[in-house]
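Below are the chains, spelled out letter by letter.
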Amino acid sequence: MGAALTRAAQWTSSGSGSRTLALSPLNETLLSEMVQFVEDLRSLHPQTADVVFEEPLQWRTALQTSDLKADYTLTDSGARSEQQDSTGRPLLHLSPPHVSALSLSLLSELLDMCGDKEAEVRACLQENEDAVKKMVGPELAALLESDSKDADKVKAKDRDPKVKLLLKLRRLNEQLLDKVLQQISEQVHLHVSVVKNELDSLVLFCGDDDHSLLRSLHYTSDFEFANGCRAPPHRQLLGEVAYIRIETYDTEPVCATYSNRGVFLNKGVKEYAADESDYEQTGEIFEDLTSLLKSKSCYFAQNIHKEEPNQQHLKKQEPWTKWRENALLLMRLCVLNNCRKAERGAGKQESKSRTDFSLTSLPGRSSPQKSRTPARSRLREALSESSPESEEEEEEGLERRPDTSADLPSEQLRLQKLIRFMREGNQTATLLTMCALRDMDLKQETYQLSIRDLGGLDALLNILDTGESRCIMGSLKILRVISHSAQIQRSMVRMRGVQSLVPLLDIQVPELQALAAETLANVAKFRKARRTVRHCGGIGKLVRLLDCAPDSRSLSPREELHVEAARCGALALWSCSRSSRNKEAIRKAGGIPLLGRLLRSPHVNMLIPVIGTLQECASEESYRNAIRSEGMIKDLVKNLSSENEELQMHSASAIFKCAEDEKTRDLIHQYKGPQRLALLLSKPENKQLLAAATGAIWKCSLSQKNVTKFQEFRVLEKLVSLTSEQPEEVLVNVVAALGEFAQIPTNRGVIGQSGGIEKLVRLLTGRNQALLVNVTRALGICATDMKNMAIIDQLDGLRLVWSLLKNPSPEVQSSAAWALCPIIHNGKDVGESMRRLIGGFQLLIKLLKSTDNEVLASICAVIAKITEDKEENVALLTDYGVVPLLANLTSTTDDLLRRHLAEAVAYCCMWGQNRAAFGKAGAVPPLVRYVKSKDSGVHETTVVALYQLSKDVDNCISLHSNGVVQPLLELMGHEDEDVAFMAAGCVRNIRMLANANKFSKWNN
C-alpha cells in the first residue's frame, strides 16, 4: 500500500477517467501479498486488526448475503456485523452489490468467504486509492511515505492502536516494494551503474558560466528504488532505468529515457506518475547520453571535444598490469602466428578451428550475433584498451580504434572489451582473456553483475560445453569466485548452468572435478538449484567423489588433488543436503559409509564439510541411526577437542542433533563427551561455537548421568552466568539446559543461589517464542523449590507468566500454563493475586476454545489449580461460563487432556448447581468412558470427578445407565487408597439412590 500502489503497481486509465489496476503479473504479486498480510494480521496481531478505521472502505462486490456465515444480522437491505464502532455503525455492512468495512479483521473474514480473494482486494483498492488515509486518518497517512524523524518518534513512543496499524502498513509497504524489485531483477538485468556514472560525469559540465556545456541535467523523479532504478516497476520490466530532463544552450528542454537498448528521447516524462503515452520513443536510439547530446545540440558537440583531452588524466590507472607483463609476448606471438598462417593459405583451417570453439555456435544458449573482426585487429584493440601509459611506445605500431564511449568508466570499458573478445576469440585468446579476468577483483559485486549483464556469464557457461579442458578449467576458476553472489547463482540456474556443471564431475581430472563441485556448492544455496542438481543425477556423482582414503597426513601431489576433489564434493553435498529429498538421495547413493570414512581424516579442511553434511542430514532419524551404527559418534566427540574452532562448532552442532536418541547420549557419555563440551564453555567470545556447545549440552542433559558428569565440571554455574547478554540462539539452548538440570532437586537450589531465577524472570519479557517456551518450562520446574518461589513472587513472576497466555503461539501458551501450575500451587495468596489480574479469568475461558490439545490440557490443569479449595475462584469461573466449555471437551480421546479435564470438572463441581449443570450439558456419559482408558493417571482424576457428579440425583441415574458400576468395582481394589475411596463413594451414592427408589416403591 502507499508507495507500493502509487509507484510499484501498474495502473491503466478507463474511459470514465478513473484508474484501474492492470491485469499483469506484477500486480498479481502485489495483490497476493496484500491478501496474505490481511490474513496474517488477523491471526498474529488480532488487536491491531480490530482497529476501527477513520472512514469505511467501500466498493462493489460479488458477494451475496447468503454467502455470509454466522455472527451477521440480516436486514431488508442486506446484512451487517454485530460489532459496532463508538457511534453505532456496524463494522461491516453488505448491501449487494455494495459493501463497506471499518476494520481489517472483518475485511479478512470477508475475504475468507470469497472465491477469488485477489479480485476482491483489487476491487477494494480501485475504489479506495486513498485507503491508508481512510484507515488511519490524513495526518498518520502522511507519515507512511515519510522517513523523517517525526515518523521515528511516533514509532518509538506512541502506543496508540492506529499508530501500530500504521507501522504494520509501513512494513507492508517496504515488503511489497522489495517483492516487486526482486521479481524485476529476476527477469530484467538493468545497467544502473553505467547510468549513474555517465550522469555524474555530465553533471560536472552543467551551469550558467561560460565554461559549461549544459544548463541543467537532472532526474525527473527523486524517488530511487532499492535496485538503483528510478523508472516505475512496470517500465523496468521493459528495460527502462531512469528518465532525465535536459536543458541545453541552443535547444528547447527535452526529456530522455535510459534503457538497456540505449538512450532515446521520449514525449515528455516530467514526473514519476506520467501518462503511458509520455513514455513513447520519439527518435532514434543512441549508445549513450553523450552521443544523444552531440546529435541534438551543436553547442554541446562543438565544445565537448575541447573537454575530453582534459579528462584523460582523471582515468584510473590499469590495476591488472601483472597479466599484461606475463601475457603480452604470448599474445603478440599469437598475432604473428595467425598472420603467417593466413599468408600461407591456412585461413580455412584456422576458420574451422575458431568455428568449432566459437561460443555463439554452441547449442543450449543463445548469444547475440556480432560482426566478427580479424584476430589481429581484435588483439590490437584489447591491447590498446588495456595498455598503461608506460608501454604506449611499444604499442605504436598497433592501430587504435576510436573510443566511442570515453565517458564510461575505464574499468567498465575494459571489462566489456574482454568479454567481447572472450566470446569471439579463438582458444588461445579466450584463455588469455580469462587470465585477465581472474586478475580483476571478482569478489566485488559490481564486477560480478557486470560480467553477467555484459554477457560474460553466458559465455563462461558456454565454455563448459566445448570439451577444451584448459578453457573449461579457466571458466570454472572464474565461476567459482563469482558464484558466491546470490544473483549470479540464480542467473546460472536460469541459464542451465547446473546442467553443464554436473557432467564435468565424470571427467577423470581431479582438479577439474574439484572446481566443478565447489562451484555447485556455491550455486546450490536455494531450493531450485538443489532440485536441479538432483534431477541431473548430480547427487550420485558427488557421492562418488568421496571415494578416496586420505588417512595419511603426508600426501603425494596426485593424492592431494584427489583429496581436494573429495573435499569439494563434500562441500557440494553439504549445500544440497538442506533438501530432505536430497538427503534421501545421498543415503541411497551410499554416502553415509563414505562420509564415515572421511570423518577419520587428519585434514581439518576435509572434516569441516563432512561434518557439516552430517549435521544437516542428522535431522532425519534414519541418518541418526546410521551415524550411531557406523561408529561416527566417537569421531564427532573426538573433534570437540580440535584446535580449529569452526570444526568444534560443526561437531557440537552434529552432536546437538544426534543426541535426540538415548542410545547416542549413552555413547557420548562413554566417549567422555560431557568433559569436552564443558571445556567449550570457556570460549564465550565465539558466539557460534557457544550456541553449538550449549545446544549439545542441552540435548545431552536429557540423560541424568550426563547431568551428573556435567556437574563435576561446574557446568550449571557456567550456564547460569550465560543467561544474560548473549544472542538469542545461545539463550534458547542455555535456558533449555537449565530446565533439564533442574530435574534434579538439588540443582534447583543451586540455580536460585546463583541468581538464575532473577535472570530467568527477566527473559519473560522477550519475543523469541522458542526462548519463551524454554524459560517458562525452566521456571515451572524451579518453582517447586520454596526459596525459588519466594524470589518469583518478589519479582511479580506470576503476572509475567500469566501475560504469556496472550501470546499467539500455542507452544508458548501451553508452556506458560504448565509453568503456572507449580507457581499457583506453591505461591502465597495466589488466589487473591489472580483475581487482581485484569482479564485473567476471561483469558482462561477464551483459551478453552483453542483447537490445540496441549493448550487445552494445560489450561484445564491451571483451572484445577486455581479452583482447588478456592470457592471464590470457582464462582468467578462459573459466572464466565466455564461449565459448558468443559463439558464440550469431554468427548476428547486425548489421555493427557482427559486427565486434567476430569480434574478441572471435579473441582468445579464443588460450587452451587455446577454438578447438575454438567449433567445437563451431557458431560457424564463421556466421562464414564474415561475409566476404560489404559492411562492410570486418567483413572485417578476421573474417579474424583465421577464421585462429585454422583452427588446429583440425575447424574446417578445417568452413571448407572451408562454402565459405570462394573469399572468402579474394579477400581475399588486400586493400590492408591484415594482412588479406591472415591470409586467406592461413587458406587455408594448410586446404591443409596437405588435403595431410596425401592423404599419409595415399597411405601407406595
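Participant: Honestly, the overall build of the chain in this entry has me stumped. Any pointers?
Facilitator: Helix and strand counts for the chain come out as 57 helices and eleven strands. Relative to its 1004 residues, the chain shows a buried fraction of 53%. Sequence-distant contacts, at least 24 apart, represent 69% of the contacts inside the chain between residues at least 6 apart.

Participant: Even after reading the chapter, I still don't get the sheet that holds strand β9 (residues 240-247), so can you show me in this structure?
Facilitator: Strand pairing in a sheet is mediated by backbone hydrogen bonds. Such pairs are either parallel or antiparallel. In spatial order, the strands read β8-β9-β10-β11; together these four strands make up an open sheet with antiparallel pairing. Each of the sheet's edge strands pairs with one partner strand only, and the pair in question is β8 (216-219) and β11 (262-265). Taking the axes of each pair of neighbouring strands and ignoring which way they run, one obtains an average angle of 25° across the sheet. Bridge count between β8 and β9: four bridges; the pairing is antiparallel. Bridge assignment links Ser-216 to a residue of β9, and that residue is Glu-247. Each of β8, β9 and β10 (254-259) is contacted by helix α10 (residues 192-203), which is oriented at about 150° to β8, the strand it contacts most. This element, helix α12 (residues 289-296), spans β8, β9, β10 and β11 of the sheet and lies at about 35° to β11.

Participant: Explain the nonpolar core here, please?
Facilitator: When a protein is soluble and globular, its nonpolar side chains tend to lie buried together. Ranked by size, the top nonpolar core spans 210 residues in total, and within it Trp-802, Leu-805, Leu-848, Leu-886 and Phe-918 carry the most contacts. Counting 49 residues, the second largest nonpolar core, distinct from the first, contains Phe-37, Leu-91, Val-163 and Leu-166.

Participant: In this structure, what is going on with empty space enclosed by the protein? I would like to understand it.
Facilitator: A probe matching the size of a water molecule, rolled over the atoms, marks out where space remains unfilled. Under the counting rule described, the total for this entry stands at four cavities of 30 Å³ or more. The volume enclosed by the largest cavity comes to roughly 150 Å³. Forming the walls of the largest cavity are 16 residues, and the residues nearest its centre are Val-38, Leu-107, Val-121, Cys-124 and Leu-125. Residue assignment for the lining of the largest cavity shows that the elements contributing at least two residues are α2 (25-44), β3 (57-60), α4 (104-112), α5 (117-127) and α6 (131-136). For the lining of the largest cavity, the residue count by class is 15 nonpolar, no polar and one charged.

Participant: Explain helix α34 (residues 662-670) here, please?
Facilitator: For an α-helix the count is 3.6 residues per turn, leaving residues at separations of three or four pointing the same way. Looking at α34, one finds that the buried residues are Thr-664, Arg-665, Leu-667 and Ile-668. What you see down the axis of α34 is that its buried residues fit within an arc of 160°, all on one side. Facing away from the buried side of α34 by over 90 degrees, the exposed positions are Glu-662, Lys-663 and Gln-670. Buried-residue contacts for α34 involve α31 (621-629), α32 (632-638), α33 (645-658), α35 (673-680), α36 (687-700) and α37 (704-712).

Participant: What's the story with the pattern of salt bridges in this structure? I'm lost.
Facilitator: Where charged atoms from two side chains of opposite charge approach closely, those side chains can pair. Applying the stated criterion to the full structure yields 24 salt bridges. As a salt-bridge pair, Lys-196 and Glu-224 come within 3.0 Å of each other at their nearest N and O atoms. Here the residue Lys-196 occupies a position in helix α10, and Glu-224 occupies one in the loop between β8 and α11 (233-236), the gap between them amounting to 28 residues. Exposure remark for Glu-224: the relative accessible area of 33% places this residue in the partly exposed category. Salt-bridge contacts for Arg-567 lead to Glu-564; the nearest nitrogen and oxygen are separated by 2.9 Å. Note that Arg-567 and Glu-564 are positioned in helix α27 (residues 557-576) at a spacing of three residues, about one turn of the helix.

Participant: Sorry, what's going on with the sheet that holds strand β5 (residues 79-81) here?
Facilitator: Taken in spatial order, the five strands of this open sheet run β3-β7-β6-β5-β4, and their pairing is antiparallel. With one partner strand each, in any of the chains shown, β3 and β4 (72-74) form the two edges of the open sheet. Strand-to-strand twist in this sheet, taken as the mean axis angle between neighbours without regard to direction, amounts to 15°. With two bridges joining them, β5 and strand β6 (residues 92-95) adopt antiparallel strand pairing. Residue Arg-80 lies in a different strand from β6, and its bridge partner there is His-93.

Participant: Teacher, can you tell me more about the packing of helix α39 (residues 728-741) against helix α42 (residues 769-782) here?
Facilitator: How two helices sit against one another is set out by the angle between their axes and by the gap between those axes. For the pair α39 and α42, the least separation of the axes is 8 Å and the interaxial angle reads 25°. Classed by the angle they form, the pair α39 and α42 counts as roughly parallel. For the crossing formed where α39 meets α42, the hand is left-handed. Contacts between α39 and α42 involve Leu-731, Val-732, Val-735, Ala-736, Gly-739 and Glu-740 from the first element and Ala-770, Leu-771, Asn-774, Val-775, Arg-777, Ala-778 and Ile-781 from the second.

Participant: What should I look at first to understand the pairing of strand β7 (residues 98-101) in this one?
Facilitator: The two faces of the sheet receive side chains in turn, since in a regular strand these alternate between them. Of the pairings in the sheet, the one linking β3 to β7 comprises four bridges and is antiparallel in character. In the sheet register, Leu-57 faces β7, and the bridge partner there is Ala-101. Hairpin remark: β6 followed by β7, antiparallel, with two residues in the connecting loop.

Participant: What should I look at first to understand unusual backbone geometry in this one?
Facilitator: Trans is the prevailing form of peptide bonds, just as negative phi is the prevailing case for residues other than glycine. A cis amide bond links Pro-96 to the next residue, Pro-97, at an omega of 10°. With respect to the secondary-structure elements, Pro-97 resides in the loop between β6 and β7. With phi around 65°, Lys-672 is a residue other than glycine that occupies positive phi space. Looking at the secondary structure, you find Lys-672 in the loop between α34 and α35. One non-glycine residue, Asp-796, adopts positive backbone phi at about 60°. If you trace the backbone, Asp-796 turns up in the loop between α43 (786-794) and α44 (797-803).

Participant: What should I look at first to understand the packing of aromatic side chains in this one?
Facilitator: Any pair of aromatic rings gets described here by the distance separating the centres and the angle formed by the planes. One pass over the full model with this rule turns up four aromatic pairs. Each ring, one from Phe-656 and one from Trp-698, has its centre 6.0 Å from the other, and the planes form 45°; the classification is tilted. Of this pair, Phe-656 sits in helix α33 while Trp-698 sits in helix α36, and the two are 42 residues apart along the sequence. Classification of Trp-698 as buried rests on a relative accessible area of 17%. Between Phe-710 and Phe-741, the ring centres sit 6.0 Å apart and the planes meet at 35°, which makes this aromatic pair tilted. On the criterion of sequence distance, the pair formed by Phe-710 in helix α37 and Phe-741 in helix α39 is long-range, its members being 31 residues apart. The same class applies to Phe-710 and to Phe-741, which are both buried. Against the face of Phe-526 rests Arg-490, its NZ or CZ located 4.3 Å from the ring centre.

Participant: Help me out: how do you make sense of the confidence of the model for the chain in this one?
Facilitator: The predicted coordinates ought not to be read in detail in places where the model reports low pLDDT. For the chain, mean pLDDT is 79; residues scoring 70 or higher make up 82% of the total. Within the model, pLDDT remains below 50 along residues 308-408, and this stretch shows 126 contacts once partners closer than five positions in the same chain are excluded.

Participant: Is there a simple way to think about a positive patch on the surface in this case?
Facilitator: Taken together, the side chains of Arg-490, Arg-494, Arg-527, Lys-528, Arg-531 and Arg-581 make up a positively charged region of the molecular surface. The set of elements that each furnish at least two residues to the positive patch consists of α22 (486-494) and α25 (527-535). Per element, the largest residue contribution to the positive patch is three residues, and it comes from α25. Looking at Lys-528, the relative accessible area reads 42%, which means it is partly exposed.

Participant: Please explain the pairing of β6 as it appears in this structure.
Facilitator: Alternating residues of β6 divide into Leu-92 and Leu-94, all buried, and His-93 and Ser-95, none buried. Across four bridges, the pairing between β6 and β7 is antiparallel. Along β7, the bridge assignment pairs Leu-94 with Val-99.

Participant: Looking at this model, I keep getting lost on the environment of Ser-754. Mind explaining?
Facilitator: Secondary-structure assignment places Ser-754 in the loop between α40 (745-753) and α41 (756-762). Setting aside chain neighbours within four positions, we find Ser-754 in contact with Glu-717 and Val-720. Engagement of the side chain of Ser-754 in a polar contact is seen with the backbone oxygen of Val-750, the distance being 2.8 Å.

Participant: Sorry if this is basic, but what is going on with the packing of helix α26 (residues 538-545) against α27 here?
Facilitator: As a packed pair, α26 and α27 sit with axes 8 Å apart at the nearest point and diverge in direction by 140°. Judged by the twist between their axes, the crossing of α26 over α27 is left-handed. Counted together, Ile-539, Leu-542, Val-543 and Leu-545 of α26 and Ala-565, Ala-566, Gly-569, Ala-572, Leu-573 and Cys-576 of α27 form the full contact between these two elements.

Calculation rules
Residues numbered from 1 in each chain as written. Predicted model: local features only at pLDDT ≥ 70, side-chain atom pairs only at ≥ 80, totals over all residues. Heavy atoms only, no water. Helix = DSSP H or I, 4+ residues; strand = E, 2+ residues; numbered from the N terminus. Buried < 20%, exposed > 50% of the residue type's maximum accessible area, 1.4 Å probe, protein only. Contact = heavy atoms within 4.5 Å. Pairing = 2+ DSSP bridges. Axes fitted to C-alpha atoms, helices over the stretch in contact; angles between N-to-C directions. Core = buried A, V, L, I, M, F, W, Y, C linked by side-chain atoms within 4.5 Å. 1 Å grid on protein atoms, 1.4 Å probe; cavity = no way out; pocket = protein on both sides within 12 Å on 5 of 7 lines; lining within 4 Å. Points joined across faces, edges and corners; volume = space filled by probe spheres on them. Nonpolar A, V, L, I, M, F, W, Y, C, P; charged D, E, K, R; others polar. Arc of directions from axis to C-beta. Salt bridge = Lys/Arg side-chain N within 4 Å of Asp/Glu carboxyl O. Parallel < 35°, antiparallel > 145°, perpendicular 65-115°, else oblique. Left-handed = near helix turned anticlockwise from the far one by under 90°. Phe/Tyr/Trp six-rings, centres within 6.5 Å; stacked < 30°, edge-to-face > 60°. Lys NZ or Arg CZ within 6 Å of the ring centre and 35° of its normal. pLDDT = per-residue confidence, 0-100. Patch = residues over 30% accessible without salt bridge, like charges linked within 9 Å, V, L, I, M, F, W, Y side chains within 5 Å. Areas by Shrake-Rupley, 256 points an atom, 1.4 Å probe, with all protein chains shown as cover. Lys, Arg positive; Asp, Glu negative; His and termini not counted. Charge placed at Lys NZ, Arg CZ, Asp CG, Glu CD. Polar contact = N/O pair within 3.5 Å; in protein donor to acceptor, adjacent residues only side chain to side chain.

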